[in-house]
Amino acid sequence: MDQNAIEQFRGQHRGTVIERHDSLYDEARALYNGMIDKRPLLIARCLDVADVTCAIQLARDQRLLVAIRGGGHNGPGLGSCDDGLVIDLSAMKGVRVDPERKTVRVEAGCTTGDVDHATHVFGLAVPFGIMSTTGVAGLTLGGGMGYLSRKHGLTIDNLIEADVVLADGTFVTTDRERHSDLFWALRGGGGNFGVVTSFLFQAHPVREVYAGPIFWDIADARVVMRAYRDFLPSAPEELGAFIGLKTVPCADPFPRAHWGKRVCAVVCSHNGSVAAGQQALAPLLDAVPRPLFNWMSAMPFPAMQALFDGLLPKGLQWYWKGDFVRTLSDEAIDVHITHAGRSPSALSLMHLYPIDGAVRRVGADATAWGARNATWSMVIAGIDSAAESAEALKHWGRAYWQAVHPFNLEGGYVNFLMDEPAGRVQASYGDNYERLSRIKAKFDPTNLFRVNHNIEPAKSARASR
Ligand SMILES: Cc1cc2nc3c(=O)[nH]c(=O)nc-3n(C[C@H](O)[C@H](O)[C@H](O)COP(=O)(O)OP(=O)(O)OC[C@H]3O[C@@H](n4cnc5c(N)ncnc54)[C@H](O)[C@@H]3O)c2cc1C
């Protein structure tokens, strides 16, 4: 690339511009998933909308491949690219809570933990995911599900407004009235439509929760999974509860006697008093054997959101596979138990996150997110600290997914997809894909933003805005 253009860009850009020879380069290009090793030409760490605008201009002038990075948590590393420009938003950390309206404005570099910290003091929270280190931007644009979703919907169902720099460099604010087609597409369509620089969310009253994990021996997994499946539809929506198959980590504070045991876990967060939480869970606990341990207790919501952060630091090897699931048959449960039992590492897991309650009350075509008719979002994640494990993680994840996929829906949650066969992105959006493709043609006709689970611009629909 022309060095003069880089120097000129440095002059216009207030944030840090990082090239391959800079001492910051390796740290700046590192992603959450240690399995991904991308070497961009240039990283533009933006401080404001003006920085984003001139980065897009540079990419257009120099015909550079562009990746957009929020929290850098994406499984296949779609927050970076080889030999192109990374628009890195991680330094844009502003959060402003409006306690009267119960809204929060969030800049695009925030993690969910940044926002939970800022809202908690006002007794509020936005429905995000289950870890505090995940980027708000990528999580939101893909949908966003977590403990508060049964009661308050996906993250996108709580999005009120977004600021976006489009592929042609123009800046727009979009909501249900302004550029409503763009606003529809942003709610699930990923990073396909522009660089979102800030989000305005609806928050909800959440202070202390009754929360934590409950672990059963794998010998009880069949009974627990069936009981959980049957319990969930009548459980109060204040109870967020996902189920997983995993291994007890060989680390404190887990009881040494159980280190390395394969387990079935239900991880819960009940927004309400301890007594109400115990009452909500009782029908499940009454229907299953005694757990190995039950760590449900009262805690501040941000503590629950950060509960697994220490176990899963940046830089581990991750291999993901995901599917949407409508029904969980007894036969499918047996397939899960068999394959989870072959997991290649202590951290590898399978989780099923509920899609019900408020998530289901939003119409199938009200947002781009394509699975309001599913019941769970499944993720299989092979995880380990050793780079040498990468092939074993992939092998296990693929074999597990192939065995269980026939029981599931065709598509999966885009935030849980990795290296997918052709057609999976379309399947994940279902009937909404065509409309997404037309909106892509309108806002990004040359597919500048293609380092993502890509929605190709419709050929016949290059309408002007
Ligand atoms: C440990 C872990 C736990 C997780 N738990 C959950 C969970 O509970 N619930 C859930 O829903 N998901 C969960 N996820 C998945 C998570 O939502 C995705 O990995 C998501 O892509 C992360 O967003 P990010 O901003 O950190 O990613 P990045 O890697 O920075 O970006 C991911 C994608 O988003 C796009 N993007 C990022 N920022 C912007 C922007 N400002 N404008 C336009 N496009 C942008 C990029 O194009 C890229 O394709 C989890 C992931 C991990 C690793």
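Residues numbered from 1 in each chain as written. Predicted model: local features only at pLDDT ≥ 70, side-chain atom pairs only at ≥ 80, totals over all residues. Heavy atoms only, no water.

**Digging into the overall build of the protein**
Helices and strands together make up the secondary structure of the protein, namely 14 helices and 19 strands. At 22 Å, the protein has a C-alpha radius of gyration in line with the 23 Å of a compact globule built from 465 residues. Put simply, the protein has 465 residues, and 59% of those count as buried. If you take every contact in the protein between residues at least 6 apart in sequence, the share linking residues at least 24 apart comes to 72%. For the protein, the exposed surface amounts to about 18,000 Å²; the carbon and sulfur share of it is 50%. Charged side chains in the protein number 47 positive and 50 negative. The centres of these two groups are separated by 2 Å. (Helix = DSSP H or I, 4+ residues; strand = E, 2+ residues; numbered from the N terminus. Rg over C-alpha atoms; globule rule 2.2 N^0.38 Å. Buried < 20%, exposed > 50% of the residue type's maximum accessible area, 1.4 Å probe, protein only. Contact = heavy atoms within 4.5 Å. Areas by Shrake-Rupley, 256 points an atom, 1.4 Å probe, with all protein chains shown as cover. Lys, Arg positive; Asp, Glu negative; His and termini not counted. Charge placed at Lys NZ, Arg CZ, Asp CG, Glu CD.)

**Details of the pattern of salt bridges**
Oppositely charged side chains are able to pair whenever their charged atoms sit close together. Under the defined criterion, the tally for this structure stands at 27 salt bridges. Between arginine 29 and aspartate 26 there is a salt bridge, with its nearest N and O atoms 2.8 Å apart. One end of the pair, arginine 29, and the other, aspartate 26, are both in helix α2 (residues 25–29), three residues apart, so they sit about a helical turn from each other. Its relative accessible area of 14% is what places arginine 29 among the buried residues. Assessed through its relative accessible area of 47%, aspartate 26 is described here as partly exposed. Salt-bridge contacts for aspartate 175 lead to arginine 178; the nearest nitrogen and oxygen are separated by 2.7 Å. In this structure, a network of salt bridges that share partners links the residues Glu7, Arg10, Glu19 and Asp22. (Salt bridge = Lys/Arg side-chain N within 4 Å of Asp/Glu carboxyl O.)

**Section: the site of the ligand**
Near the ligand there are 34 residues, and of these Gly70, Gly72, Ile130, Met145 and Tyr413 occur at the shortest range. Contact distances for the ligand include 2.8 Å between an oxygen atom and a backbone N or O atom of isoleucine 130. Between the ligand and valine 196, the relevant distance is 2.8 Å, taken from a nitrogen atom to a main-chain nitrogen or oxygen of the residue. Elements represented by at least two residues in the shell around the ligand include exactly β3 (66–69), α5 (136–142), β10 (195–202) and β17 (317–325). Grouping the amino acids of the shell around the ligand by side-chain chemistry returns 18 nonpolar, 15 polar and one charged. (Near = heavy atom within 4 Å. Polar contact = N/O pair within 3.5 Å; in protein donor to acceptor, adjacent residues only side chain to side chain. Nonpolar A, V, L, I, M, F, W, Y, C, P; charged D, E, K, R; others polar.)

**Some words on the sheet that holds β3**
Each strand in a sheet pairs with another by means of backbone hydrogen bonds, the pair being arranged parallel or else antiparallel. Spatially, β1-β2-β4-β3 is the arrangement adopted by the four strands of the open sheet, whose pairing is mixed. In the strand order of this sheet, the two ends are held by β1 (16–19) and β3, each with one partner. Adjacent strand axes in the sheet meet at a mean angle of 20° when their direction is disregarded. Pairing of β1 with strand β2 (residues 42–45) involves four bridges; the strand directions are antiparallel. In the strand pairing of β2, valine 17 is matched with alanine 44. The strands that helix α3 (residues 49–62) touches are β2, β3 and β4 (85–88); relative to β4, the one it contacts most, it runs at about 170°. (Pairing = 2+ DSSP bridges. Axes fitted to C-alpha atoms, helices over the stretch in contact; angles between N-to-C directions.)

**Quick notes on the sheet that holds strand β9 (residues 171–174)**
Strand order in the open sheet formed by five strands is β5-β6-β10-β8-β9, and the pairing between neighbours is antiparallel. The outermost strands of the open sheet, each flanked by one partner alone, are β5 (95–98) and β9. Along the sheet, successive strands turn relative to each other by an average axial angle of 10°, direction set aside. Sheet analysis places strand β8 (residues 159–165) next to β10, joined by six bridges and oriented antiparallel. When the bridges of β10 are listed, leucine 159 appears paired with phenylalanine 201. Helix-sheet contacts for helix α4 (residues 112–120) involve β5 and β6 (103–107), and the interaxial angle to β5 is about 35°.

**Focus: the side chain of histidine 351**
Residue placement: histidine 351 occurs in strand β18 (residues 349–354). Of the polar contacts made by the side chain of histidine 351, one reaches the side chain of tyrosine 353; its length is 2.9 Å. Each residue touching histidine 351, except ones within four places of it in the same chain, is listed here: Phe242, Ile243, Gly244, Lys246, Ser377, Met378 and Val379.

**Topic: the packing of helix α11 (residues 330–340) against helix α12 (residues 390–404)**
Where α11 contacts α12, the axes come no closer than 10 Å and their chain directions differ by 170°. Of the possible angle classes, the one that applies to α11 and α12 is roughly antiparallel. When you trace α11 past α12, the crossing you get is right-handed. Within the contact between the two elements, α11 uses Val335, His336, His339 and Ala340 and α12 uses Trp396, Ala399, Tyr400, Ala403 and Val404. Of the residues contributing to the contact of α11 with α12, the split by class is seven nonpolar, two polar and no charged. (Parallel < 35°, antiparallel > 145°, perpendicular 65-115°, else oblique. Left-handed = near helix turned anticlockwise from the far one by under 90°.)

**Topic: unusual backbone geometry**
Note the cis peptide between aspartate 252 and proline 253, where omega equals 5°. Tracing the chain through its elements places proline 253 in the loop between β13 (239–247) and β14 (262–270). In this structure, arginine 63 takes a positive phi of about 50° despite not being glycine. Within the secondary structure, arginine 63 is located in the loop between α3 and β3. Given the relative accessible area of 77%, arginine 63 is considered exposed. Positive phi, close to 45°, is recorded for histidine 179, a residue that is not glycine. Note that histidine 179 resides in the loop between β9 and α7 (180–186). Judged by relative accessible area, which is 33%, histidine 179 ranks as partly exposed.

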